[in-house]
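# Chains, contacts and geometry: an overview
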Amino acid sequence: GGRIVPSFTRNWLARREHFLAQAKANLVDVYKTMKPDAAAPQLEKMHVEIAAAIIMQLPPRQSGLILSEMDAQKAATVAGIMSQATDKNTSKDPS
């Protein structure tokens, strides 16, 4: 049996998704304007999956420069997440 979701809940979820998409886009724009040596320490402090999501949306040259400025261990973790996200075999939902 499927659950019936009240319309106010659907509307709230839609607004929340829109807000999160806007916030992410704005965050990417902020990092696009930053120098890699300034962006790297900030991205290092974020959850690795969020950092990877942001870095993946930056131009490739800038992404590489930021990763090279990051702590090697953190950069390797972020790069691993990025490669999994773009790998056709691992990005499919197994269910």
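Description of the structure in this document. The structure displayed is predicted, hence computed values, not measured ones.

Thresholds applied
Residues numbered from 1 in each chain as written. Predicted model: local features only at pLDDT ≥ 70, side-chain atom pairs only at ≥ 80, totals over all residues. Heavy atoms only, no water. Helix = DSSP H or I, 4+ residues; strand = E, 2+ residues; numbered from the N terminus. Rg over C-alpha atoms; globule rule 2.2 N^0.38 Å. Contact = heavy atoms within 4.5 Å. Salt bridge = Lys/Arg side-chain N within 4 Å of Asp/Glu carboxyl O. Buried < 20%, exposed > 50% of the residue type's maximum accessible area, 1.4 Å probe, protein only.

### Overview of the overall build of the chain
A count of helical and extended segments in the chain gives 5 helices and 0 strands. For the chain, the succession of helices and strands along the chain, N to C, is α-α-α-α-α. Relative to the 2.2 N^0.38 estimate, which gives 12 Å for 95 residues, the radius of gyration of the chain is 17 Å and therefore markedly larger than a compact globule would have. If one aligns the C-alpha atoms of the chain with their principal axes, the spans along those axes are about 50 × 30 × 20 Å. Taking as baseline every contact in the chain between residues at least 6 positions apart, the subset at least 24 positions apart corresponds to 63%.

### Structural notes on the pattern of salt bridges
One pass over the full model with this rule turns up 1 salt bridge. One salt bridge in this structure joins R16 and E17, with 3.6 Å as the shortest N-O distance. For E17, a relative accessible area of 48% puts it in the partly exposed group.

### Some remarks on the environment of A51
Structurally, A51 can be placed in helix α3 (residues 48–56). When the C-alpha positions of A51 and K74 are compared, they lie 9.9 Å apart, and in sequence the two are 23 residues distant. Here A51 is in contact with L43, M46 and V78, once residues within four sequence places are set aside.

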